[in-house]
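Listed here are the chains, written in short residue letters.
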Amino acid sequence: MKRWLLAVLFVSIAAAGCGGGGSSSPVPAPIQKSGNANAQILITIPKASPAASQRKIVSPNTATIVLSVVAVNGAPPVAPTPPPLTVSITDPTYCTTNAGSTSCRITYLVPIATSVTIQVATFDANGNELNVGTLTIDTTIPNATPAPLTLGDYPSSITFAKSSISFANTGSSTPVTQKAVLTVYNGTTPLTGAVTYGGAITVTPTNAPTGAITVTPSSFSQPDGTSGASNTIAISYDSSKGALGSTAALVFSFNGTTLATLPLATLNYTPSSITNLVVGGSTGTVTVNEPNYSGAFTVTGNSSYISTQCSPANCTPATAGGNVVISILPDAATTTTNLTIADASGTTATVPLTITSTTGTGPVVGAPTIEMFAAPDTTGTLYGIALGPDKQTLYFTDRAGQEIGAIPSPSSCTTTCTIDESGTGTIPAASNLASIIATGSGTLLVGDEHAGTDPGNLFNVSCTLTTTLTCSESALSLLPTIPAIEDMALAPDGNIYAAVNYNDAQTNLVRALSIPSNACCTIGSGFSVPMTATLPTTGIFGIAPDAESHGVWFTNTYSGLVGFFNPTCACGTQLPTGPGFGGLARPRGSSAIAAVHPSGASGPGTPFAPPLNGIVEAPDGNVYVAEAGANRIDRLNATTWQGVQTGGLPVTCTGASCVYTPLTMPNPSAVPMHLITAPDGNVWFTDTTGYIGVIRLSTCATACQVSEYKVGGSPWGITVGPDGNVWFTDSSSNKIGKVVIQ
């Protein structure tokens, strides 16, 4: 409660002489004589529209007045002290009403002294305290006129329906208007009904560019009636005059006293429109901020045309007033669509977007035709996909159903597609079928991640496809540990190599991959490595043959390393060959593994950001690595990486030839998974955040152009079909997708 100190008022004391009698002669302070005297006080309760005067302590809401002695000669009173006096303004003993105002003439016993300070408290009809003030009576002045206490103004505070007002900073000279609803209080009681405020409350913009803010009305003296007991004002902002900084506000004043301030701010964004978005092309960005704002921005757009991500990811600035960068991914062409940005108060900025789908040999090739086909098992989780040994049928794995599926005639798939799945029966129920590849002699090799008590293994699968798909499997004894077969590749030596991820099911810790101490080999140009070391925290995920027939590349996913395996010096054992199974060499029983990582922007020897996923060597002689930990794909020079001279394992590539090039992804939140090369000469990849992407190698002489196309779900496995198109699995929506290569 605000307390307003009253000016010293003078009044005579009519001596009543209770115990000591009155006296008109001065009494030296601080002596307090015994006895009491009558003090007369005149209090006026104002009319509905009183004239403005000094701030006092009563108002039209006053229902009760309480008087009590708080000081005698400047010191606390000495007992016995006259008790407080409570007066109701409806009590005719004290109060009379005349022409709308009420006058209360109150006689109150006070101690005989030089000066007596009386506290005057007022309350409304509900017992809520309105104001408290004091009245000092000088008992030395022989005058019978009562001490007057008259109210002329009484607003004590203002509250707002919104704690601040914001505007979209469009840069336009057309004013944008927001409304502020406020309530005026006397003490803790809102002034309601037909009362007036006893004067004008004025509204003044401060710390805003000249002419940027106008207020209607700029002053008011009573509730406007449109919002009950409140006032509504319109605040217009001309953004052509400039942005509102962190100190812009409206100041509400009454008789020179500031009652409240209402902060003002602008929601700033740039650019105000984007016209160069291309489907599959570069990402558009909009930067937004609002002074002092620390809440989240809401970002929306037509999901048929665009996808958006924020940095920071929750669309909330890292610090109050900080920037949020919104990335816009064009998913489908349209003449115009809008990106809408709003703060928590509902202030909205609209960014018009124009998206095109170019064709021909321009900087961005037009978006390809992408078709999605549902698999029969509606509860499936589709992972691996590969072209079968007949070179006509596509096979895929269903991780949830422990099933193998087939697409018998991919070339005929347009709006519909024949897809069949078969319950295999012999693969353990706990299996997670993650990968699949065809051998050269009529069978499929299926890789299983461990799950629960299932140790994970390889299965030699034989399928026949007539009216339905029928498959039989035989498990291969791979390793006594608990592997997870993540990926497989057919190497130039005719063998299939498996990416074995050693993962402990009990502790979820990755075991190291040991290299036999008696192994040795040559990689590339004169690269002699004694294999006596141990790879750190090994988890092999992606594997792919190299173009020079040297061996296979692989990703060491958990340590952030890229490795190379040379089968010409496989000193270890191989898995036994089975019916139609050409042979399998495994890293654990083989040698010639060089684990290398690049010297990136943060210095020599810095590994990639794990996890690493897929890997492929492309026709341009470079290796492309899915660096999911950094939401990107990296481009390595395969020739210089193989020629590194070193003397131990892991092999650390620290020279200039080891520098890799991170590719700019249209989707800044991309999680690239598997990569392949396609008949169009480009690298295609799956992005598990809902996209299929392509690296157009012909553009890499300057900067590789990466395009991504929205398909939804969570694309995972990818391969080239017999029709020359790119096929992929969607692990979350149980679909098979086809990208028609242009």
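Above this text you will find the structure in question.
Residues numbered from 1 in each chain as written. Predicted model: local features only at pLDDT ≥ 70, side-chain atom pairs only at ≥ 80, totals over all residues. Heavy atoms only, no water.

Caption draft 1: Region of the structure containing the overall build of the chain. Counting secondary structure elements, the chain contains one helix and 59 strands. A total of 742 residues make up the chain; the buried ones form 53% of that total. Considering only residue pairs separated by 6 or more positions, the chain has 61% of its internal contacts joining residues 24 or more positions apart. Of the roughly 29000 Å² of accessible surface on the chain, a fraction of 53% belongs to carbon and sulfur atoms. (Helix = DSSP H or I, 4+ residues; strand = E, 2+ residues; numbered from the N terminus. Buried < 20%, exposed > 50% of the residue type's maximum accessible area, 1.4 Å probe, protein only. Contact = heavy atoms within 4.5 Å. Areas by Shrake-Rupley, 256 points an atom, 1.4 Å probe, with all protein chains shown as cover.)

Caption draft 2: Geometry of the nonpolar core. Counting residues in each nonpolar core, the largest one holds 35 residues, and the members touching the most others are Leu339, Ile341 and Trp684. Looking at which element gives the most residues to this core, the answer is strand S27 (residues 348-356), with four residues. Ignoring any residue separated from it by four or fewer positions in sequence, one finds Ile341 in contact with Leu267, Val286, Val288, Phe297, Thr298, Ile326, Thr347, Thr348, Ala349 and Val351. Counting 27 residues, the second-largest nonpolar core is a separate cluster that includes Val184, Leu191, Val215 and Leu262. (Core = buried A, V, L, I, M, F, W, Y, C linked by side-chain atoms within 4.5 Å.)

Caption draft 3: Representation of the environment of Ser218. Residue position: Ser218 is located in the loop between strand S16 (213-216) and strand S17 (219-220). It is 9.6 Å that separates the C-alpha atoms of Ser218 and Pro205, two residues lying 13 residues apart in sequence.

Caption draft 4: Examining the side chain of Thr397 more closely. If you trace the backbone, Thr397 turns up in strand S30 (residues 394-398). With relative accessibility at 0%, the residue Thr397 sits in the buried group. Separated by 3.1 Å, the side chain of Thr397 and the backbone oxygen of Leu433 make a polar contact. With residues near it in sequence (within four places) discarded, Thr397 still touches Thr381, Leu382, Tyr383, Gly384, Glu403, Ile404, Leu433, Ala434, Ser435, Ile436 and Val446. (Polar contact = N/O pair within 3.5 Å; in protein donor to acceptor, adjacent residues only side chain to side chain.)

Caption draft 5: Quick peek at the sheet that holds strand S54 (residues 683-687). Pairing in this open sheet of four strands is antiparallel, and the strands run S53-S54-S55-S56 from one edge to the other. The open sheet has two edge strands with one neighbour each: strand S53 (672-677) and strand S56 (705-710). Strand-to-strand twist of the sheet, defined as the mean angle between neighbouring strand axes without regard to direction, takes the value 20 degrees. (Pairing = 2+ DSSP bridges. Axes fitted to C-alpha atoms, helices over the stretch in contact; angles between N-to-C directions.)

Such coordinate-based values are descriptive only and should not be taken to indicate function.
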